[in-house]
Amino acid sequence: MDVPGSEESLAESPVGLTPRQARRIRIVLASVLMAAMAGVLVVRLASRTSVLVVGVYGAALVLCGVVIELSRNGRTRLGTWLLGIGLAAALAADWLLLP
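Residues numbered from 1 in each chain as written. Predicted model: local features only at pLDDT ≥ 70, side-chain atom pairs only at ≥ 80, totals over all residues. Heavy atoms only, no water.

**So, the side chain of T76**
Operational definition: The way it works is that DSSP assigns letters per residue, a run of H or I at least four long becomes a helix, a run of E at least two long becomes a strand, and they are numbered from the N terminus. Only protein chains enter the accessibility calculation, which uses a 1.4 Å probe; a residue is then buried when its area is under 20% of its type maximum, exposed when over 50%, and partly exposed in between. By definition, residues are in contact when any of their heavy atoms lie within 4.5 Å.
If you trace the backbone, T76 turns up in helix 4 (residues 76–97). Judged by relative accessible area, T76 falls into the buried class, the value being 14%. Excluding its chain neighbours within four sequence positions, the residues that come into contact with T76 are A22, R23, R26 and S71.

Now the structure itself:
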């Protein structure tokens, strides 16, 4: 007997996000990270003015915008990988290149 709410019916129900939900989550995540990168850029520029600082964090801001557009067009997996690798590269460049 399959009773709604039982363990058997829960195991058969599909788990995961719909494509629309995944796109919205990626867009919100990229927007939040874009705001965070803008905040870090302001803090870094207040402590030391450098073209390299603007370049690294400007590239991170552009990357977040590209991910938002990719997510809007349905390329959420590509956007997720690009966001993760790109922001890791920006933080590594900050740590390695900036004085």
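**Here we look at the environment of L52**
Within the secondary structure, L52 is located in helix 3 (residues 51–72). With residues up to four places along the chain from it excluded, the contact list for L52 reads L97 and L98.

**Quick look at the pattern of salt bridges**
What counts, and what does not: Salt bridges are defined by distance alone: a side-chain nitrogen of Lys or Arg within 4 Å of a carboxyl oxygen of Asp or Glu.
Going through the model one piece at a time under the given rule, you end up with 2 salt bridges. With a shortest N-O distance of 2.6 Å, R44 and D94 are connected by a salt bridge. You can see R44 sitting in helix 2 (residues 19–47) and its partner D94 sitting in helix 4, a full 50 residues away along the chain. With a relative accessible area of 25%, R44 lands in the partly exposed category.

**Regarding the UniProt feature "transmembrane region" (unreviewed entry) in the protein**
Which entries qualify depends on this criterion: UniProt positions are given in the numbering used here, feature names are shortened, and annotations may be inferred rather than shown by experiment.
The feature "transmembrane region" (unreviewed entry), as annotated in UniProt, sits at residues 27–46, 52–71 and 78–98 in this numbering. The span residues 27–46 is 100% helix and 0% strand, and its two end C-alpha atoms sit 29 Å from each other. Overall, residues 78–98 shows 95% helix and 0% strand. The separation of its end C-alpha atoms is 28 Å.

**A word on the layout of surface pockets**
The condition is simple: The way it works is a 1 Å grid over only the protein atoms, where trapped points that fit a 1.4 Å probe form a cavity and open points with protein on both sides within 12 Å along at least five of seven lines form a pocket, and then any residue with an atom within 4 Å of a point lines it. Grid points are joined across faces, edges and corners, and a volume is the space filled by probe spheres set on the points. Ten residue types, Ala, Val, Leu, Ile, Met, Phe, Trp, Tyr, Cys and Pro, are classed as nonpolar, four, Asp, Glu, Lys and Arg, as charged, and the remainder, Gly among them, as polar.
Empty space within the largest pocket amounts to approximately 170 Å³. Every residue along the wall of the largest pocket is listed here: P19, A22, R23, R26, G74, R75, T76, R77 and L78. Looking at the lining of the largest pocket, the elements that each hand over two or more residues are helix 2 and helix 4. It is helix 2 that contributes the most residues to the lining of the largest pocket, 4 residues altogether. Grouping the amino acids of the lining of the largest pocket by side-chain chemistry returns 3 nonpolar, 2 polar and 4 charged.

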